[in-house]
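# Structural overview for review
Here is what each chain is made of, one letter per residue.
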Amino acid sequence: SGGRPDDSELPDGKSAVLWADTLQSLANVVAHDLRNALNAVAVNLEVVRSRSARGAEASAIAPFAATAATNFETAASAAEALLAFVRPEPGRVDIAAIVTRLARLLAVRGGAGLRVSDQSDGRAATTAPPAIARAAVARSVLAAVAEDEGAACEIAVDDGIFLRITGATRVPPPPDSDLVAAALEQGIRITPRELSIEIRFPAVDQRANPLVPS
């Protein structure tokens with residue numbers, strides 16, 4: 001009781017290790033850009049403070065305040081997304097929510113980011129355990145995102161949850177074999193395609209959805 005997961009929802013050792021490694025990779029990918037965004041907030045706020053102290057006109061202060069606010073919003077959203085990954089999922093894992101969280105986290109890097117097309121109509125909750133579901137999505141997204149380019153995610157639902165991750169210009173590397181094997185044990189199928197990675201998750205809600213990509 002009290003919101004604690006039962007034994008069936010606790011990660012097995014293999015899934016827990018895969019997710020721990022994935023979480024570290026996510027933090028490494030955004031650490032530099034998150035630090036830069038926070039530095040930009042501090043620098044611009046210092047300009048606002050010093051100019052305000054000298055009695056500068058609002059027009060001389062506003063651009064720096066706006067830059068600080070923009071960087072703060074981006075950094076705060078990324079930090080909130082990263083903290084959400086650190087915490088346990090509150091219930092069944094929603095694949096669309098995981099993808100959206102990744103998009104907010106990767107937005108701090110600038111550039112094209114992660115574009116999301118969610119056609120799941122709020123029905124993307126999976127029966128797969130949280131650790132392996134998170135790892136499957138996050139590792140596949142990281143594999144598809146190039147250094148200075150973004151990626152796109154499509155989400156739809158039929159008798160399962162369908163996620164297609166496409167890189168901007170490059171072919172994503174093959175999925176990690178340990179991840180593929182661990183995912184398959186939980187009913188998650190990861191399939192590399194020519195320019196994308198496709199993942200199918202077992203769904204809690206198995207009503208048909210005609211919007212599933214062919």
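The residue numbering used here restarts from 1 in each chain and proceeds along that chain's sequence as written. Residue-level local features of this predicted model are given only where pLDDT is at least 70; pairs of side-chain atoms are given and counted only at 80 or more, and the full residue set underlies all totals for whole chains, interfaces and linings. To get the side-chain values, take all heavy atoms of the structure and skip hydrogens and water.

## Comments concerning the packing of aromatic side chains
Working definition: a ring pair exists when centres of Phe, Tyr or Trp rings (six-membered ring for Trp) sit within 6.5 Å. Plane angles under 30 degrees give stacked, over 60 give edge-to-face, the rest tilted. Scanning the model with the defined rule gives 1 aromatic pair in all. By the criterion adopted, a ring carries a charge over it if an Arg CZ or a Lys NZ lies within 6 Å of its centre and within 35 degrees of its normal. One Lys or Arg, arginine 101, reaches over the ring of phenylalanine 85 and ends 4.8 Å from the middle of that ring.

## Remarks on helix α4 (residues 130-144)
Turn by turn, an α-helix covers 3.6 residues, leaving residues three or four places apart pointing in a common direction. The helix and strand labels rest on DSSP assignments: H or I over at least four residues marks a helix, E over at least two residues marks a strand, and numbering proceeds from the N terminus. To estimate how far a helix should extend, the number of its residues minus one is multiplied by 1.5 Å. Over its 15 residues, α4 runs 21 Å from end to end, which matches the ideal 21 Å to within 8%, given 1.5 Å per residue. Burial classes: relative accessible area under 20% of the type maximum marks a residue as buried, over 50% as exposed, and values in between as partly exposed (1.4 Å probe, protein chains only). Counting buried residues along α4, 13 of its 15 residues qualify, which places the element largely inside the surrounding structure.

## Here's the deal with the nonpolar core
Grouped together as the largest cluster of nonpolar side chains are 53 residues, with contacts concentrated most on Ile95, Leu163 and Phe201. The set of elements that each furnish at least two residues to this core consists of α1 (13-53), α2 (58-86), α3 (95-106), α4, β4 (151-157), β5 (160-167), α5 (177-185) and β7 (196-202). Looking at this core element by element, the count peaks at 11 residues for α4. Ignoring any residue separated from it by four or fewer positions in sequence, one finds phenylalanine 201 in contact with Ile95, Thr126, Ala133, Ala136, Val137, Gly160, Ile161, Leu163 and Ile188. As used in this record, nonpolar core signifies buried Ala, Val, Leu, Ile, Met, Phe, Trp, Tyr and Cys residues forming a set joined through side-chain atoms within 4.5 Å. Contacts: residue pairs with any heavy atoms within 4.5 Å of one another.

## Examining unusual backbone geometry
In this structure, aspartate 121 is a non-glycine residue whose phi angle is positive, near 55°. Its place among the elements puts aspartate 121 in the loop between β2 (114-118) and β3 (125-126).

## Section: the pairing of β7
With 5 of its 7 residues buried, β7 lies for the most part within the structure. Two elements, β5 and β7, share 7 bridges in a ladder whose sense is antiparallel. When the bridges of β7 are listed, glycine 160 appears paired with proline 202. Strand pairing follows a simple DSSP-based rule, namely that at least 2 bridges must link the two strands. The antiparallel pairing of strand β6 (residues 189-192) with β7 creates a hairpin that spans 3 residues between the two strands.

## Structural notes on the sheet that holds β5
In space, the 5 strands of this open sheet follow the order β2-β4-β5-β7-β6, with mixed pairing throughout. The sheet is open, and its two borders are formed by β2 and β6, each paired with just one other strand. The mean angle between the axes of side-by-side strands here comes to 15°, regardless of whether they run parallel or antiparallel. Across the sheet, α3 touches β2, β4, β5 and β7, and the angle it forms with β2 is around 155°. Fitting a line to C-alpha atoms yields each axis, with helices limited to the stretch in contact; the angle taken between N-to-C directions then spans 0 to 180 degrees.

## A short note on the confidence of the model for the chain
When pLDDT drops low, the exact placement of atoms in the prediction is not to be read closely. Across the chain, the average pLDDT comes to 87, with 87% of residues at 70 or higher. Segment residues 1-9: pLDDT under 50, and 2 contacts once partners within four positions in sequence are set aside and those in other chains are kept. For the stretch residues 208-214, pLDDT sits under 50, and the model shows 19 contacts to residues farther than four places along the chain or on other chains. pLDDT is a residue-level measure of predictor confidence that goes from 0 to 100.

## Observations regarding the environment of threonine 74
Among the structural elements, threonine 74 can be located in helix α2. Residue classification places threonine 74 among the partly exposed residues on the basis of a relative accessible area of 27%. For threonine 74, the contacting residues outside a window of four places in its chain are Ala107 and Val108.

## Observations concerning the packing of α4 against α5
The N-to-C vectors of α4 and α5 enclose an angle of 140°; their axes lie 10 Å apart at closest approach. It follows from the interaxial angle that α4 and α5 lie oblique. Between α4 and α5 the crossing geometry is left-handed. Each of Ile132, Ala135, Ala136 and Arg139 in α4 lies in contact with α5, whose residues at this interface are Leu179, Ala182 and Ala183. The classification used treats Ala, Val, Leu, Ile, Met, Phe, Trp, Tyr, Cys and Pro as nonpolar, Asp, Glu, Lys and Arg as charged, and all other residues, Gly among them, as polar. Partitioned by chemical class, the residues of the contact of α4 with α5 number 6 nonpolar, no polar and 1 charged. Throughout, the term roughly parallel applies to angles under 35 degrees, roughly antiparallel to angles over 145, roughly perpendicular to angles from 65 to 115, and oblique to all others. With the far helix as reference, a near helix turned anticlockwise by less than a right angle produces a left-handed crossing, and one turned clockwise produces a right-handed crossing.

## Comments concerning the side chain of serine 140
Looking at where serine 140 falls in the secondary structure, it is placed in helix α4. Non-local contacts of serine 140, meaning those with residues more than four positions away in its chain, are made with Ala135, Ile165, Ile197 and Ile199.

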